[in-house]
Amino acid sequence: MAEQRVTLTPQMLAYDDFDDRSRTRWLPYLMYFHRAGYRSDVVNTHEFGLRYSHGPGDGSASAGTVAQTGPVRLLAGSSTAFGIGARSDAATLPSRLWSAYAPSAPWLNFAGRSYNSGQECTLFALYRHLLTRVTDIVVFSGLNNLALSRLPKEQRSDHGGFFNCGEYYEQMEELRQRRRAGIRIETEETGA
């Protein structure tokens, strides 16, 4: 099965490397985010982890990487908007919009892989300062919210589920246990 995957979609090997769990970036408010400054023939990100888009000719851009004197447009969302599975940065939805359908202003990729709508909104709020004038925003979102709604109730909490939440909750519980053990040890040593 894995051999067939490589034969049919060889670009997925680059995504496997891109998603290497040992190199996950954990960020405040967003949880995890894309590897920053990642380079391959398939997927490339800038210093903050946002993916590059390609436009007419040799034009390429990402939020915060080019001097933006004119308006820009955004495609926001999760994995599909990010372009998981695309053969290259030029084959993503924002790149197709910019190069083939609406070339008058750059379409920037403002998507987060495996994000729910709350994380997508937070991503925009945290990185909005990288943009000048935004004229259009297309939000391609919601599928992950539906998928994550099927998680057990204890993993959805008040704010909904998110990918890797099981790992997050396990790590938080381990931290609480270490703190409780530290408090008990400290209390025994001081006799309080």
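Residues numbered from 1 in each chain as written. Predicted model: local features only at pLDDT ≥ 70, side-chain atom pairs only at ≥ 80, totals over all residues. Heavy atoms only, no water.

Caption draft 1: Representation of the overall build of the protein chain. Scanning the protein chain from terminus to terminus reveals 8 helices and 7 strands. Within the protein chain, the fraction of its 192 residues that count as buried is 35%. A sequence separation of at least 24 residues applies to 61% of the contacts in the protein chain between residues at least 6 apart. When the accessible surface of the protein chain is summed, it comes to about 11300 Å², and 54% of that surface belongs to carbon and sulfur atoms. (Helix = DSSP H or I, 4+ residues; strand = E, 2+ residues; numbered from the N terminus. Buried < 20%, exposed > 50% of the residue type's maximum accessible area, 1.4 Å probe, protein only. Contact = heavy atoms within 4.5 Å. Areas by Shrake-Rupley, 256 points an atom, 1.4 Å probe, with all protein chains shown as cover.)

Caption draft 2: Structural context of the confidence of the model for the protein chain. Mean pLDDT over the protein chain: 85, with 84% of residues reaching 70 or higher. When the elements of the protein chain are averaged for pLDDT, helix 7 (residues 153-156) gives the smallest value, 66, and strand 3 (residues 53-54) the largest, 95. (pLDDT = per-residue confidence, 0-100.)

Caption draft 3: Main features of the packing of aromatic side chains. Under the criterion given, the structure shown has 8 aromatic pairs. When the centroid spacing of 5.6 Å and the interplanar angle of 50° are considered together, the rings of phenylalanine 48 and tyrosine 127 count as tilted. With phenylalanine 48 in the loop between strand 2 (31-33) and strand 3 and tyrosine 127 in helix 5 (residues 117-127), the pair connects residues that are 79 residues apart, well separated along the chain. Look at tyrosine 127 and you get buried, because its relative accessible area is 11%. Ring centres 5.9 Å apart and planes at 65° place the aromatic pair phenylalanine 110 and phenylalanine 124 in the edge-to-face group. Of this pair, phenylalanine 110 sits in strand 6 (residues 107-111) while phenylalanine 124 sits in helix 5, placing them 14 residues apart in sequence. On the accessibility criterion, phenylalanine 110 (2% relative accessible area) is buried. Among the aromatic residues, ring-to-ring pairing joins Trp26, Tyr32, Phe33, Phe48, Tyr115 and Tyr127 into one connected group. Across the ring face of phenylalanine 82, the terminal group of arginine 51 is positioned such that the distance to the ring centre comes to 5.1 Å. (Phe/Tyr/Trp six-rings, centres within 6.5 Å; stacked < 30°, edge-to-face > 60°. Lys NZ or Arg CZ within 6 Å of the ring centre and 35° of its normal.)

Caption draft 4: How the structure looks around the pattern of salt bridges. If you walk through the whole model with that rule in mind, you get 8 salt bridges. If you follow the salt bridges from partner to partner, you end up with Glu173, Arg176 and Arg180 in one network. (Salt bridge = Lys/Arg side-chain N within 4 Å of Asp/Glu carboxyl O.)

Caption draft 5: How the structure looks around helix 4 (residues 93-101). What helix 4 keeps buried is the set Pro94, Ser95 and Trp98. The arc that holds the buried residues of helix 4, viewed along the axis, is 100°, so those residues lie on one side. Along helix 4, exposed side chains directed more than 90 degrees from the buried face belong to Ala100 and Tyr101. Its buried side turned inward, helix 4 meets strand 3, strand 4 (60-61), strand 5 (72-77), helix 3 (79-82) and strand 6. (Arc of directions from axis to C-beta.)

Caption draft 6: Fine view of the sheet that holds strand 6. If you walk across this open sheet you meet the 3 strands as 6-5-7, and the pairing is parallel. Two strands bound the open sheet, and with one partner strand each, they are strand 6 and strand 7 (134-140). Neighbouring strand axes in the sheet, compared pairwise and without regard to direction, differ in orientation by 20° on average. Two strands pair when backbone bridges link them, and strand 5 and strand 6 are joined in this way by 5 bridges, in the parallel orientation. Among the inter-strand pairings, alanine 76 is bridged to a residue of strand 6, identified as phenylalanine 110. Strands strand 5, strand 6 and strand 7 of the sheet are contacted by helix 4, whose axis makes an angle of about 170° with strand 6. In this fold helix 5 packs onto strand 5, strand 6 and strand 7, with an angle of close to 120° to the strand it touches most, strand 6. (Pairing = 2+ DSSP bridges. Axes fitted to C-alpha atoms, helices over the stretch in contact; angles between N-to-C directions.)

Caption draft 7: Structural context of the side chain of serine 79. Mapped onto the elements of the fold, serine 79 is located in helix 3. Looking at serine 79, its side chain comes within polar contact range of the side chain of arginine 113, at 3.4 Å. Residues within four places of serine 79 in sequence aside, it is in contact with Ile84, Gly112, Arg113 and Ser114. (Polar contact = N/O pair within 3.5 Å; in protein donor to acceptor, adjacent residues only side chain to side chain.)

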